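# Coordinate analysis (summary)
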Amino acid sequence: MQFYDVVENRVSVKKYKNIPLKQDKLARMINAAMMSPSWKDKSSYKFLLVDDQLKKEELSKTVINDTTEASNAIAEAPMVAVVVADPASSGVVADRQYYLVDSAIAMEHFVLAATNEGYGTCWIASIDEDKIREILSIPNDYRVVAMTPIGEGTEIKGHNPKKNVNDYVFVNKWNTPFTNQGLRS
């Protein structure tokens, strides 16, 4: 797939086939995450890959504000990736904690790579961090940032409705609209 096709094809998938991930595809996804930029190249994040069914079922119970779709996706997907980070290994500038940014960039590289490999994902960050830390034996100095189920999806979904660029992109100052000439429709 070409890059923009990957971006357009990445959607939140919540129903999965019970087919294990291919190791070569998983390796490319991990490699994509490891190539992500981070604050001063600190790479404060780590990924935990979970394919143990009992652990996935435990993780499924950590979703907050659950509509059951997200929980079911965690329990049913062949694998779940959990991204964690050590805030002490990253920076804080103007009260901004860069471990969150670093982790989000790495996770985005991972989910885009998954899309490229034909897998679905669903970014889930409304979670009970303490329970996840306990389930996966994560040290207390690490923060759980997000998790995603991974696998071949059974649902075909389109993107959410396209946003009006004039509401989200400005030029040189607030509320000076960007002209959308040349944007993909």
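Scroll up to find the structure this text is about.
Residues numbered from 1 in each chain as written. Predicted model: local features only at pLDDT ≥ 70, side-chain atom pairs only at ≥ 80, totals over all residues. Heavy atoms only, no water.

### So, the overall build of the chain
- Scanning the chain from terminus to terminus reveals 7 helices and 6 strands.
- Seen in sequence order, the chain has helices and strands lined up from the N terminus as α-α-β-α-α-β-β-β-α-β-α-β-α.
- For a compact globule of 185 residues, the expected C-alpha radius of gyration is about 16 Å, and the chain comes in at 18 Å, within 12% of that figure.
- Considering only intrachain contacts with a sequence separation of at least 6, the fraction spanning at least 24 residues in the chain is 74%.
- Carbon and sulfur atoms make up 50% of the accessible area of the chain, which amounts to about 11,100 Å² in all.
- Charge separation in the chain, taken as the distance between the mean sites of 22 positive and 24 negative side-chain charges, equals 5 Å. (Helix = DSSP H or I, 4+ residues; strand = E, 2+ residues; numbered from the N terminus. Rg over C-alpha atoms; globule rule 2.2 N^0.38 Å. Contact = heavy atoms within 4.5 Å. Areas by Shrake-Rupley, 256 points an atom, 1.4 Å probe, with all protein chains shown as cover. Lys, Arg positive; Asp, Glu negative; His and termini not counted. Charge placed at Lys NZ, Arg CZ, Asp CG, Glu CD.)

### Side note on the sheet that holds strand 2 (residues 79-85)
- The strand order 1-2-6-5 describes an open sheet built from 4 strands, whose pairing is antiparallel. Looking at the sheet topology across the chains shown, the edges are occupied by strand 1 (45-50) and strand 5 (120-121).
- Of the strand pairs in this sheet, strand 5 and strand 6 (residues 143-151) are connected by 2 bridges, and their pairing is antiparallel. Residue Gly-120 lies in a different strand from strand 6, and its bridge partner there is Gly-151.
- In the packing of helix 5 (residues 98-116) onto the sheet, the strands contacted are strand 1, strand 2, strand 5 and strand 6, and the crossing angle to strand 6 comes to about 5°. (Pairing = 2+ DSSP bridges. Axes fitted to C-alpha atoms, helices over the stretch in contact; angles between N-to-C directions.)

### Focus on the packing of aromatic side chains
- Following the criterion strictly, the structure yields 4 aromatic pairs and no others.
- Aromatic pair Tyr-45 and Phe-47: ring centres 6.1 Å apart, planes at 90°, arrangement edge-to-face.
- Through pairs of rings, three or more aromatic residues link up here, namely Tyr-45, Phe-47 and Phe-110.
- The side chain of Lys-25 reaches across the aromatic face of Tyr-119, ending 5.3 Å from its centre. (Phe/Tyr/Trp six-rings, centres within 6.5 Å; stacked < 30°, edge-to-face > 60°. Lys NZ or Arg CZ within 6 Å of the ring centre and 35° of its normal.)

### Regarding helix 5
- Compared with the 27 Å implied by 1.5 Å per residue over 19 residues, the 27 Å span of helix 5 between its first and last C-alpha is a close match.
- For helix 5, the full list of buried residues reads Tyr-99, Asp-102, Ser-103, Ala-106, Met-107, Phe-110, Val-111, Leu-112, Ala-113, Ala-114 and Thr-115.
- With its phi angle positive at about 90°, Gly-118 sits one or two positions after the end of helix 5. (Expected span 1.5 Å × (residues − 1). Buried < 20%, exposed > 50% of the residue type's maximum accessible area, 1.4 Å probe, protein only.)

### Details of the pattern of salt bridges
- Counted under the stated rule, the structure contains 8 salt bridges.
- One salt bridge connects Glu-117 with Arg-28, and the closest N-O pair in it is separated by 2.7 Å. Separated by 89 residues along the polypeptide, Glu-117 in the loop between helix 5 and strand 5 and Arg-28 in helix 2 (residues 23-34) bring together distant segments of the chain.
- The exposure class of Glu-117 is buried, given its relative accessible area of 11%.
- According to the relative accessible area criterion, Arg-28 is partly exposed, its value standing at 41%.
- Residue Glu-129 pairs with Arg-133 through a salt bridge whose shortest N-O separation is 2.7 Å. In this pair, Glu-129 and Arg-133 are both assigned in helix 6 (residues 129-135), 4 residues apart and thus about one turn of the helix distant.
- Among the residues examined, Glu-129 registers a relative accessible area of 15% and is labelled buried.
- Three or more residues are tied together by salt bridges with common partners; here these are Glu-129, Asp-130, Arg-133 and Arg-143. (Salt bridge = Lys/Arg side-chain N within 4 Å of Asp/Glu carboxyl O.)

### Re a nonpolar patch on the surface
- A contiguous nonpolar patch, built from Phe-3, Tyr-4 and Val-7 and spanning about 330 Å² of accessible area, is present on the exposed surface.
- Topologically, Tyr-4 is positioned in helix 1 (residues 3-9).
- Judged by relative accessible area, Tyr-4 falls into the exposed class, the value being 54%. (Patch = residues over 30% accessible without salt bridge, like charges linked within 9 Å, V, L, I, M, F, W, Y side chains within 5 Å.)

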